[in-house]
Amino acid sequence: MTTLPTRRLGELTVSGQGLGCMGMSHGYGSADDRTSIDTLHHALDLGVTLWDTSDFYGAGHNEELVGRAVAGRRDEVVLATKFGFANKLGEATLIRGDAAWVRQACEASLRRLGTDHIDLYYQHRVDPRVPIEETVGAMAELVAEGKVRHLGLSEAGAATLRRAHAVHPISALQSEWSLWTRDIEEEIAPVCRELGIGIVPFSPLGRGFLTGRYASVDAMEETDSRRNMPRFADGNFDRNLAIVQRLTELAAQRGVTAGQLALAWVQHRGEDVVPIPGTRRRTYLEENVEALTLSLTGEELAAIEAAAPRDQVAGARYDEGNLSYVNG
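For every chain, the first residue of the written sequence is number 1, and numbering continues from 1 onward in sequence order. The model is predicted, so local features are restricted to residues of pLDDT at least 70 and side-chain atom pairs to those at 80 or more, both for listing and for counting; the totals for chains, interfaces and linings are taken over all residues. Calculated side-chain values reflect all of the structure's heavy atoms, with hydrogen atoms and water omitted.

### Quick notes on the packing of helix 3 (residues 99-113) against helix 4 (residues 132-144)
The condition is simple: The axes used here are C-alpha line fits, helices contributing only the stretch in contact, and every angle between their N-to-C directions lies in the interval 0 to 180 degrees. Numbering of helices and strands runs from the N terminus; a helix is a DSSP stretch of H or I covering at least four residues, while a strand is a stretch of E covering at least two. The labels follow the angle: roughly parallel below 35 degrees, roughly antiparallel above 145, roughly perpendicular from 65 to 115, and oblique for the rest. Crossing chirality is assigned from the near helix's rotation relative to the far helix, an anticlockwise turn below a right angle marking it left-handed and a clockwise turn marking it right-handed. In what follows, residue pairs with any heavy atoms lying within 4.5 Å of each other are defined as contacts. The classification used treats Ala, Val, Leu, Ile, Met, Phe, Trp, Tyr, Cys and Pro as nonpolar, Asp, Glu, Lys and Arg as charged, and all other residues, Gly among them, as polar.
The contact between helix 3 and helix 4 brings their axes to 8 Å, and the two run at 40 degrees. By the angle between their directions, the pair helix 3 and helix 4 is classed as oblique. Read as a crossing pair, helix 3 and helix 4 show a hand that is right-handed. Contacts from Ala99, Val102, Arg103 and Cys106 in helix 3 reach Glu134, Thr135, Ala138, Met139, Glu141 and Leu142 in helix 4. In terms of residue class, the contact of helix 3 with helix 4 is made up of six nonpolar, one polar and three charged.

### Thoughts on the packing of aromatic side chains
In plain terms, the rule: Aromatic contacts are taken between Phe, Tyr and Trp rings whose centres are within 6.5 Å, Trp giving its six-membered ring; a plane angle under 30 degrees counts as stacked, one over 60 as edge-to-face, and the others as tilted. When accessible area is computed with a 1.4 Å probe and restricted to protein chains, residues below 20% of their type maximum are described as buried, those above 50% as exposed, and intermediate ones as partly exposed. Charge-over-ring contacts are defined here by two conditions on Lys NZ or Arg CZ: a distance within 6 Å of the ring centre and an angle within 35 degrees of the ring normal.
As enumerated under the stated definition, the model contains seven aromatic pairs in all. With centroids separated by 5.0 Å and ring planes inclined at 35 degrees, the aromatic side chains of Phe83 and Tyr121 adopt a geometry described as tilted. With a gap of 38 residues between them, Phe83 in strand 5 (residues 78-83) and Tyr121 in strand 6 (residues 118-123) connect regions that are remote in the sequence. The pair formed by Phe83 and Tyr121 is uniform in burial state, with each residue classed as buried. Chaining the aromatic ring pairs together yields one cluster made of Trp180, Phe209, Phe232 and Phe237. Geometry around Trp180 places Arg231 over its ring, the cationic atom sitting 4.9 Å from the centre.

### Observations regarding the pattern of salt bridges
Two side chains with opposite charge may pair up if their charged atoms get near one another. Spelled out, the test is: We define a salt bridge as a contact between a side-chain nitrogen of Lys or Arg and a carboxyl oxygen of Asp or Glu at a distance within 4 Å.
Across all of its chains, the model carries 29 salt bridges by this definition. The partner of Arg96 in a salt bridge is Asp98, and the shortest N-O contact between them spans 2.9 Å. A salt bridge links Arg310 to Glu185; its shortest N-O distance comes to 3.5 Å. Residue Arg310 is found in the loop between helix 10 (298-307) and helix 11 (320-323), and its partner Glu185 is found in the loop between strand 8 (170-176) and helix 6 (188-195); the two are separated by 125 residues along the sequence. Residues joined by salt bridges that share partners form a network here, namely Arg182, Glu185, Glu186, Arg269, Glu305 and Arg310.

### Comments concerning the packing of helix 8 (residues 258-267) against helix 9 (residues 282-291)
At a closest axis distance of 8 Å, the pairing of helix 8 and helix 9 adopts a crossing angle of 45 degrees. Put simply, helix 8 runs oblique to helix 9. Crossing of helix 8 against helix 9: the hand is right-handed. Contact residues: Gln260, Leu263, Ala264 and Gln267 in helix 8; Glu287, Asn288, Glu290 and Ala291 in helix 9.

### Concerning the sheet that holds strand 9 (residues 198-202)
Sheet strands line up and pair through hydrogen bonds in the backbone, either parallel or antiparallel. The criterion, for reference: What makes two strands pair is DSSP finding at least two bridges between them.
Strand order in the open sheet formed by seven strands is 3-4-5-6-7-8-9, with parallel pairing between adjacent strands. Of all strands in the sheet, those with a lone pairing partner are strand 3 (19-20) and strand 9, marking the two edges. Across the face of the sheet, helix 3 comes into contact with strand 5, strand 6 and strand 7 (148-154) while running at roughly 140 degrees to strand 6.

### Describing unusual backbone geometry
Of note in the backbone geometry, Ala59 takes a positive phi value of approximately 55 degrees without being a glycine. Considering the arrangement of structural elements, one finds Ala59 in the loop between strand 4 (50-52) and helix 2 (61-70). Residue classification places Ala59 among the exposed residues on the basis of a relative accessible area of 70%. Its identity is not glycine, yet Ser203 carries a phi of approximately 50 degrees, on the positive side.

### Let's talk about the pairing of strand 1 (residues 6-9)
Residue alternation in strand 1 divides its side chains into a buried set, Arg7 and Leu9, and an unburied set, Thr6 and Arg8. Linking two consecutive strands that pair antiparallel, namely strand 1 and strand 2 (residues 12-15), is a turn of two residues; a positive phi of about 60 degrees is found at Gly10 within it.

### A short note on the state of the cysteines
Definition in use: Cysteine sulfur pairs qualify as disulfides if the two atoms are within 2.5 Å.
A full pass over the atoms with the stated rule returns zero disulfides. Unpaired in this structure, Cys106 has its nearest cysteine sulfur neighbour in Cys21, at a distance of 18 Å. By relative accessible area, Cys106 is classed as buried at 0%.

Here it is, written out as structure tokens:
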């Protein structure tokens, strides 16, 4: 097993880059369990020890998959999962953060993962109907019982983070952060740093778009959820390709890929930042890991940001319904 540079999420030490497991079961087309488990095992061999899943991904399939992959190597993995979505994929969004649901969800996740504890347990989205104090209070009880080691929130706003952290230390905030999603920079990231909360960017490669591997939406499977996202639809895809083309040119000057350059930019946001790019393939995993040690100068960082101006990204992250749960 290779040792990668580590970073801190609150009091939790993790590999400087994690692995997002969602796409192995959910959202990005058909699943291939054998390939995914092989990639997970290879991630450990490379030193990627932070694995991220959720009870929502594949209606529990992703946790079961991760549980199979981690069997026999549990002590090598920092296992992170999430709760909060009480609906099935395709149904109207229903978020639950009440104490009863927190406990029920945790017990179910432990069974699927085949473990007696979760290293980092996130609320997947903030429930607007339940005080965050109730939710985090219930999560804190799980810590006291040894079922959870550290707590996190996903897509939480600054005020929510303050209230949650006052109940129990929050180790990590998982939110989208990349060259084309930068809304946490103004208020949320500074609050995280004030409170000592680590930041775990999901989709640091813009849901794969910033890698330059997609020339059109037609290259994605019919069941791929990205087909229905505003940035991939209604002509926005072609407009956003201009950003990728500029990144590709810069990357060629460094002898790296556009994806590596975009990922390295995220890694350079701070020593408290641990992105979790997702992939099902060993080749892309290796490419992502190489970005962890890619050093960029201030001049190069400025050039990257000039190539991908935040005000030129076409389309919103989600539809209006899902956006209502962002930074809650």
